[in-house]
Amino acid sequence: MLQRLRSGSSSPVVVATKGGRFVTKLRGSGQGVLSLIAEIIVAEIAEHLGLAVPERVLIELPSDVESDDENDELADLLRFSAGTNLGFRWLDDARTPRPEELRALDDEFVARVLFLDELVTNLDRSPQNPNLLFWKRQPWLIDHGAALPFHHHWDLVDHDTPGDPMDLSGHLFADRLPSLDRHRAPLAASLTRDAIEQATATVPDAFYSAVGTDSALRARAAYAAFLWLRLEALRGQ
Ligand SMILES: Nc1ncnc2c1ncn2[C@@H]1O[C@H](COP(=O)(O)OP(=O)(O)O)[C@@H](O)[C@H]1O
Ligand SMILES: [Mg+2]
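These figures come from a predicted structure and were not determined experimentally.

### Considerations on the overall build of the protein
Thought 1: A count of helical and extended segments in the protein gives eight helices and seven strands.
Thought 2: Whereas a compact globule of 237 residues would reach a radius of gyration of roughly 18 Å, the protein reaches 18 Å, a difference of no more than 12%.
Thought 3: Along the longest, intermediate and shortest principal axes, the C-alpha atoms of the protein span 50 × 45 × 25 Å.
Thought 4: Classification of the 237 residues of the protein by burial places 32% in the buried group.
Thought 5: For the protein, restricting intrachain contacts to residue pairs at least 6 apart in sequence, the fraction spanning at least 24 positions comes to 74%.

In structure tokens:
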């Protein structure tokens, strides 16, 4: 069973499986397979930093999947998405936090989120679009498909690109940037090369094959190398 989520810009659909309901980002959406790679790598790194992200599962869609939604556009999208897609466990009754709830979040948590978004160059967490949900009284991070923007232009990436500074002035927690400065060094030290390698190893080859390298292994190595260099650059700050 399949239903469209109305609020999202990446046209996620809710897929009901025997294992539960999953907000599913489709490989055939405008954002494409690269955004699915970003979703996985960033979610894995977030968890290494102690942040909560909904559980991920790979969702295989057949070419003749049935939908509850009588919508031609959706039917096209589903047709383009035959194969491996990315599901996030549905957080029942999750809601966007109120401003006073955001203000009450402790410095340590806020610094982790800022550090994550700085490391993966995520510009998609703003006051207008927090991409943060409250569920079971805990903040959960969602929607990392726009992170890792460098992977849209591998041809422009050189040895210095990973060190490019990021403008966090539009960030959801921009008013709390001093807490990032206080926590950046210990957070950067807490992430190991192994953690980066593990995060990149979680992406299925079916997604890496969209990168355009001659093998999935090369694509994975390129992401790991970029993120490791960026982490080293942040460690130097
Ligand atoms: N795991 C989830 N559980 C419950 N609701 C979710 C979940 N993931 C996303 N949503 C809801 O769907 C909306 C769109 O999802 P999001 O990942 O932000 O996609 P988009 O790229 O389209 O903005 C979110 O703002 C949120 O309200
Ligand atoms: Mg969103």
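### What to know about the pairing of strand β6 (residues 132-135)
Thought 1: Here β6 pairs with strand β7 (residues 138-141) via four bridges, running antiparallel. The residue of β7 that forms the bridge with L132 is L141.
Thought 2: Connecting the antiparallel pair β6 and β7 is a turn made up of two residues, with K136 showing a positive phi of about 50°.

### As for helix α5 (residues 177-190)
Thought 1: Here α5 is 14 residues long and its end C-alpha atoms lie 19 Å apart, about the 20 Å a rise of 1.5 Å per residue gives.
Thought 2: Of all the bends found along α5, the most pronounced is centred on H183 and spans about 55°, while P186, a proline, follows it within four residues.
Thought 3: Of all the positions in α5, only S179, L180 and L187 are classed as buried.

### Here's the deal with the nonpolar core
Thought 1: Membership of the largest hydrophobic core comes to 50 residues, with the highest contact counts inside it found for I37, I41, V42 and I45.
Thought 2: The leading source of residues in this core is helix α1 (residues 32-48), at ten residues.
Thought 3: Looking at which domains feed residues into this core, each of domain 1 (2-89) and domain 2 (99-235) supplies at least three.

### Describing unusual backbone geometry
Thought 1: Phi at D93 is positive, roughly 65°, even though this residue is not glycine.
Thought 2: Along the chain, D93 falls in the loop between β5 (83-89) and α3 (99-103).
Thought 3: Exposure remark for D93: the 9 C-beta atoms within 10 Å place this residue in the exposed category.

### Some details on the environment of A210
Thought 1: Mapped onto the fold, A210 is located in the loop between α7 (205-208) and α8 (216-235).
Thought 2: Placed 176 residues apart in sequence, A210 and L34 show a C-alpha to C-alpha distance of 7.2 Å.
Thought 3: Those residues in contact with A210 that sit more than four places away from it in its chain are V33 and L34.

### Examining α1
Thought 1: With 17 residues, α1 extends 26 Å between its outermost C-alpha atoms, agreeing within 8% with the 24 Å of an ideal straight helix rising 1.5 Å per residue.
Thought 2: Taken across its 17 residues, α1 has twelve buried, putting it largely inside the fold.
Thought 3: Count one or two residues on from α1 and you reach G50, which has phi positive near 85°.

### Quick notes on the domain arrangement of the protein
Thought 1: Assigned domains of the protein: these are domain 1 (2-89) and domain 2 (99-235).
Thought 2: Each of domain 1 and domain 2 has a C-alpha centre, and the two are 20 Å apart.
Thought 3: Tallying the contact residues gives 28 residues for domain 1 and 32 residues for domain 2.
Thought 4: Broken down by secondary-structure element, the contributors of at least two residues to the side of domain 1 that touches domain 2 are α1 and β5.
Thought 5: A total of 15 residues in the side of domain 1 that touches domain 2 trace back to one element, the largest contributor, which is α1.
Thought 6: Considering only residue class, the side of domain 1 that touches domain 2 consists of 18 nonpolar, seven polar and three charged.

### A closer look at the packing of helix α4 (residues 107-119) against α5
Thought 1: One way to put it is that α4 packs onto α5 with a least axis distance of 8 Å and a crossing angle of 75°. Between α4 and α5, the angle is such that the two are roughly perpendicular. Along its contact with α4, which presents D107, E108, V110, A111, R112, L114 and F115, the element α5 presents L177, S179, L180, R182, H183, R184 and L187.
Thought 2: Each residue belonging to the contact of α4 with α5 can be placed in one class, and the counts come to seven nonpolar, two polar and five charged.

### Re the environment of E101
Thought 1: Examined against the element boundaries, E101 turns out to sit in helix α3.
Thought 2: E101 sits 20 residues away from S81 along the chain, and the two C-alpha atoms are 37 Å apart.

### Thoughts on the environment of H159
Thought 1: Considering the arrangement of structural elements, one finds H159 in the loop between β7 and α5.
Thought 2: Taking the number of C-beta atoms within 10 Å as the measure of exposure, H159 has 8 and is therefore exposed.
Thought 3: For the pair formed by H159 and A225, sequence separation is 66 residues and the distance between their alpha carbons is 9.9 Å.

Reading guide: rules and limits
Residues numbered from 1 in each chain as written. Chains lettered and ligands numbered in written order. Predicted model: local features only at pLDDT ≥ 70, side-chain atom pairs only at ≥ 80, totals over all residues. Helix = DSSP H or I, 4+ residues; strand = E, 2+ residues; numbered from the N terminus. Rg over C-alpha atoms; globule rule 2.2 N^0.38 Å. Buried ≥ 20, exposed ≤ 12 C-beta atoms within 10 Å, placed from the backbone. Contact = placed C-beta atoms within 7 Å. Pairing = 2+ DSSP bridges. Expected span 1.5 Å × (residues − 1). Bend = angle between axes of the 7 residues up to and from the residue. Core = buried A, V, L, I, M, F, W, Y, C linked by C-beta atoms within 7 Å. Domains from an automatic or database assignment. Nonpolar A, V, L, I, M, F, W, Y, C, P; charged D, E, K, R; others polar. Axes fitted to C-alpha atoms, helices over the stretch in contact; angles between N-to-C directions. Parallel < 35°, antiparallel > 145°, perpendicular 65-115°, else oblique.

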